[in-house]
Amino acid sequence: MKPISDTINKLAKKPEFQKRYEAMKKEVTSHPDVKQFLRDNQIALTDPIVDRSLGRLYEYIGQSKECNKCESLDSCKNMLQGYHPHLVFQRNSIDLQYDRCPRKELYDNRKKNESLIKSLHMPKDILRASMLDLDLDNSSRLQAVKLAHEFVKNFQPGKRSKGLYLYGPFGVGKTYLLGAIANELAEKRISSMLIYYPEFMRELKGSFQDNSFNAKVDGVKNVPVLMIDDIGAESMSSWMRDDILGAILQYRMLENSPTFFTSNFDFTQLEHHLAVTQRGEEERVKAARIMERIKYLATPVELQGNNRRIDN
């Protein structure tokens with residue numbers, strides 16, 4: 001059996017092969033990035049290095065760089081999805097180095113950030129919320145976003161920082177703002193948890209069966225930033241108010257752990273809700289005790305505007 005090198009040498013001597021080779025070399029060496037690379041490394045077009053590296057140079061020019069030929073990460077045209085090539089000159093040879101492309105970096109960073117945001121029963125669009133998408137169409141929204149920015153900017157774990165108690169009618173964007181804050185915190189590598197309060201309470205009731213009750217409550221207590229969505233929408237019992245909510249808020253108050261809330265109720269309305277149990281009992285002192293903790297942990301901010309759920 002003849003060595004493959006003999007076959008290649010014979011092919012290289014054929015005129016049609018030489019013609020295709022020269023055309024490929026011209027295409028490669030006329031590419032702006034390749035020309036700049038050769039100039040930067042003082043490599044002449046006639047240098048044997050160019051001929052030896054022609055295959056790698058051709059591989060380079062055919063791929064997308066800085067996502068310039070790809071509409072999305074899923075439609076990446078490169079040999080390695082999410083990675084684009086860079087020319088490198090080492091050991092007297094031209095080679096390719098593959099690095100993450102901008103879209104791949106954004107994707108990976110987003111995944112890392114999502115892992116910092118724990119969520120219980122929250123819709124996916126809330127977890128993707130962004131401050132850039134918030135409408136600033138009235139003074140109350142401007143005030144809420146301003147305070148949210150100040151919190152993210154100034155928050156330091158271990159130091160006391162008050163969260164926000166966002167209240168107002170349905171659909172004005174209270175929960176969305178919480179999601180946007182969570183994403184901003186994730187950019188700073190700060191973990192947070194968003195919980196839909198009525199569903200969380202229902203889940204706790206069933207967690208005695210699988211012995212997960214203590215772990216779930218401890219998780220809510222200890223997360224650096226807690227966000228309680230729709231407090232006041234649940235059917236209140238003394239157990240839920242005093243043994244669960246009260247214990248969580250007391251712990252976070254003592255640890256100076258910031259806590260955010262959303263509600264349809266202002267402070268006065270929420271206190272009335274907390275005072276009346278499912279059995280019709282009225283316990284104003286216990287409700288006032290919970291409210292004192294909420295006021296210590298969060299600054300009330302009314303959010304007004306149109307119901308975006310209906311408008312959209």
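Look up a bit, the structure's there.
Reading the values: rules and limits
Residues numbered from 1 in each chain as written. Predicted model: local features only at pLDDT ≥ 70, side-chain atom pairs only at ≥ 80, totals over all residues. Heavy atoms only, no water. Phe/Tyr/Trp six-rings, centres within 6.5 Å; stacked < 30°, edge-to-face > 60°. Buried < 20%, exposed > 50% of the residue type's maximum accessible area, 1.4 Å probe, protein only. Helix = DSSP H or I, 4+ residues; strand = E, 2+ residues; numbered from the N terminus. Lys NZ or Arg CZ within 6 Å of the ring centre and 35° of its normal. Core = buried A, V, L, I, M, F, W, Y, C linked by side-chain atoms within 4.5 Å. Arc of directions from axis to C-beta. Contact = heavy atoms within 4.5 Å. Axes fitted to C-alpha atoms, helices over the stretch in contact; angles between N-to-C directions. Parallel < 35°, antiparallel > 145°, perpendicular 65-115°, else oblique. Left-handed = near helix turned anticlockwise from the far one by under 90°. Pairing = 2+ DSSP bridges.

Q: Run through the packing of aromatic side chains, naming residues and quoting values.
A: All chains considered together, the criterion is met by six aromatic pairs. Relative to Phe155, the ring of Phe151 has its centre 5.3 Å away and its plane inclined at 20 degrees; by these criteria the two rings are stacked. The same class applies to Phe151 and to Phe155, which are both buried. Geometrically, the ring pair formed by Phe151 and Phe260 is edge-to-face, given 4.8 Å between the ring centres and 85 degrees between the ring planes. A residue pair is termed long-range when its members are at least 10 positions apart, and Phe151 in helix H8 (residues 139-154) and Phe260 in strand E7 (residues 259-263) qualify at 109 residues. Like Phe151, the residue Phe260 is buried in the burial classification. Against the face of Tyr60 rests Lys65, its NZ or CZ located 4.2 Å from the ring centre. Note that Arg160 overlies the ring of Tyr296, its terminal NZ or CZ placed 3.9 Å from the centroid.

Q: Can you lay out the nonpolar core for me, pointing to particular residues and giving the numbers?
A: Membership of the largest hydrophobic core comes to 33 residues, with the highest contact counts inside it found for Tyr165, Ile228, Ile231, Leu245, Phe261 and Ile294. Mapped by element, the contributors of at least two residues to this core are strand E4 (163-167), strand E5 (192-196), helix H10 (197-206), helix H11 (213-222), strand E6 (225-229), helix H12 (238-254), helix H13 (267-275) and helix H14 (284-297). Per-element tally for this core: the top contributor is H12, with six residues. Met122, Met131, Ala148 and Val301 belong to the second-largest nonpolar core, a separate cluster that totals 27 residues.

Q: I'd like to hear about unusual backbone geometry, residue by residue, with values.
A: With the exception of glycine, the majority of residues adopt a negative phi angle, and the majority of peptide bonds are in the trans configuration. Of note in the backbone geometry, Cys67 takes a positive phi value of approximately 60 degrees without being a glycine. For Cys67, the location among the structural elements is in the loop between helix H5 (54-61) and strand E1 (83-90). Assessed through its relative accessible area of 13%, Cys67 is described here as buried. One non-glycine residue, Asn256, adopts positive backbone phi at about 55 degrees. In this structure, Asn256 sits in the loop between H12 and E7.

Q: So what's going on with helix H3 (residues 32-40)? Which residues, and what values?
A: Where H3 is concerned, the buried positions are Val34, Phe37 and Leu38. Considered in projection along H3, the buried side chains sweep an arc of 95 degrees and stay on one side of the axis. Residues of H3 that are exposed and point more than 90 degrees away from the buried face comprise Pro32, Arg39 and Asp40. For H3, the secondary structure elements touched by its buried residues are helix H2 (15-29), helix H4 (48-52), H5, E1 and strand E2 (93-100).

Q: Describe the packing of H11 against H12, with residues and values.
A: It is at 8 Å that the axes of H11 and H12 come closest, and there the two elements cross at 40 degrees. On the basis of their axis angle, the class for H11 and H12 is oblique. Seen along the crossing, H11 lies across H12 with a hand that is right-handed. For the pair H11 and H12, contact is made by Phe213, Val217, Val220, Lys221 and Asn222 and by Trp239, Ile244, Ala247, Ile248, Tyr251 and Arg252, respectively.

Q: I'd like a description of the pairing of E4, backed by residues and values.
A: Along a regular strand, successive side chains alternate from one face of the sheet to the other. Burial analysis of E4 places five of its five residues in the buried class, the great majority of the element. Across five bridges, the pairing between E4 and strand E8 (residues 298-302) is parallel. What sits directly across from Leu164, in E8, is Thr299. Across three bridges, the pairing between E4 and E7 is parallel. The partner of Tyr167 across the bridge, within E7, is Ser263.

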